[in-house]
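# Chains, contacts and geometry: an overview
What follows is the residue order along each chain.
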Amino acid sequence: IDLFFDGQVVFIEHMEITFFCFQCFQNFFSQRFEDHSAFSFQGDGMDGPDDVLYRPTYLPAGYTQDRSQDDLPEDMAIYVNDQEQFLYFSYMAGNTAGTFAVDNEHSTEKLITIGKDCQAHLLETISPDYPSFLIWMDEEKGAAFLIDGYVSPEELIRVAESVQAQ
């Protein structure tokens, strides 16, 4: 196994791990494998904004909440349009731990900034058969977010920038 450390990136064979430190999470790191990327978050276990419900206030034209999914956990929402194309939204509070795993075989990944200064990972699809993904942490909100769907990157960003506590 080849292992070396270069700044904030550790390379292990065909896997790239990037470490970040944010106030709302003790640890955040991304791992890039050949067929998927994993974005892991670990909170400090302290009390946090568990009772805050986040939702986007903007949805692309034609999208409405999919009421058949009303039994989902509060930290998830699914939206659908007339063509049965889905837009998924989920988040994790900063006092929890978890991983968002997303397909990367059918996308190109780049770091972008959303809002004032939130660094985000955009995985833009290269195939109409696969969704694009946007993953970011918002220090002010104290949460990590994921949106994926069959919309343009500009629409994903617009949805992300509209997320508010309900």
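Placed above this text is the structure.
Below is a short write-up of the structure. Residue positions within a chain follow its written sequence, with the count starting from 1. In keeping with the model being predicted, local features are shown solely for residues with a pLDDT of at least 70 and side-chain atom pairs are shown and tallied solely at 80 or more, while totals for entire chains, interfaces and linings include all residues. Note: side-chain values were computed over all heavy atoms of the structure, leaving out hydrogens and water.

Helix and strand definitions here come from DSSP, where helices need a minimum of 4 consecutive H or I residues and strands a minimum of 2 consecutive E residues; each element is numbered from the N-terminal end. A count of helices and strands for the protein gives one helix and 15 strands. Per-residue accessibility, obtained with a 1.4 Å probe over protein chains only, is compared with the maximum for each type, and a residue is labelled buried under 20%, exposed over 50%, and partly exposed between these values. Out of the 166 residues in the protein, the part that is buried amounts to 45%. Two residues form a contact once any of their heavy atoms are found within 4.5 Å. Across the protein, the fraction of contacts at a sequence separation of at least 24, relative to all contacts at a separation of at least 6, is 46%. Of the roughly 9,300 Å² of accessible surface on the protein, a fraction of 49% belongs to carbon and sulfur atoms. Methods summary: accessible areas were calculated by the Shrake-Rupley approach with a probe of 1.4 Å, and residue burial reflects only the protein chains presented.

If you trace the seven strands from one edge of the open sheet to the other, you get 7-8-9-14-13-12-11, paired in antiparallel fashion. Only two strands of the sheet have a single neighbouring strand rather than two, namely strand 7 (64–65) and strand 11 (107–114). At least two bridges found by DSSP between two strands are what make those strands a pair. In the sheet, strand 9 (residues 86–93) pairs with strand 14 (residues 143–149) via seven bridges, with the strands oriented antiparallel. Its bridge partner lying in strand 14, Tyr-91 is registered against Phe-145. Simply put, an axis is a line fit to the C-alpha atoms, just over the touching stretch for a helix, and the angle between two N-to-C directions goes from 0 to 180 degrees. Along the sheet, helix 1 (residues 153–161) makes contact with strand 9, strand 11, strand 12 (118–125), strand 13 (132–138) and strand 14, crossing strand 13 at roughly 30°.

It is worth spelling out the packing of aromatic side chains at this point. Centre distance within 6.5 Å is the pairing criterion for rings of Phe, Tyr and Trp, where only the six-membered ring of Trp is used; planes under 30 degrees apart are then read as stacked, over 60 as edge-to-face, and the remainder as tilted. What the rule picks out here adds up to seven aromatic pairs. Ring geometry for Phe-86 against Tyr-88: centres 5.9 Å apart, planes inclined by 25°, an arrangement best described as stacked. By relative accessible area, which is 34% here, Tyr-88 ends up partly exposed. Taking 5.8 Å as the distance between ring centres and 40° as the angle between the ring planes, the aromatic pair formed by Tyr-91 and Phe-145 counts as tilted. One end of the pair, Tyr-91, is in strand 9; the other, Phe-145, is in strand 14, with 54 residues separating them in the sequence. Each member of the pair, Tyr-91 together with Phe-145, is buried. Whether a charge sits over a ring depends on NZ of Lys or CZ of Arg being within 6 Å of the ring centre and within 35 degrees of the ring normal. One Lys or Arg, Arg-158, reaches over the ring of Tyr-58 and ends 3.9 Å from the middle of that ring.

Further remarks concern the pairing of strand 8 (residues 76–80). When you tally the buried positions in strand 8, you get four out of five residues, the bulk of the element. As paired strands, strand 8 and strand 9 are joined by five bridges and run antiparallel to one another. Residue pairing for strand 9: Ala-77 is matched across the bridge by Phe-89. Counting the residues between successive antiparallel strands, the hairpin from strand 8 to strand 9 contains five residues, one of them, Glu-84, with a positive phi of roughly 60°.

With respect to the element layout, Asp-138 can be found in strand 13. Think of a polar contact as two N or O atoms within 3.5 Å of one another; within protein, one of them needs to be a possible hydrogen donor and the other a possible acceptor, and neighboring residues in sequence only count if both atoms come from side chains. A polar contact is formed between the side chain of Asp-138 and the backbone nitrogen of Lys-141, at a distance of 3.0 Å.

Take the environment of Tyr-150 next. Summarising the element assignment, Tyr-150 is placed in the loop between strand 14 and helix 1. On the basis of relative accessibility, which here comes to 35%, the residue Tyr-150 falls in the partly exposed class. The sequence separation of Tyr-150 and Asp-129 amounts to 21 residues, and the corresponding C-alpha distance is 8.4 Å. Every residue in contact with Tyr-150, bar those within four places of it in the chain, is listed here: Tyr-63, Gln-85, Phe-86, Pro-128, Asp-129, Tyr-130 and Pro-131.

With that settled, consider the side chain of Ser-162. Along the chain, Ser-162 falls in the loop between helix 1 and strand 15 (163–165). On the accessibility criterion, Ser-162 (8% relative accessible area) is buried.

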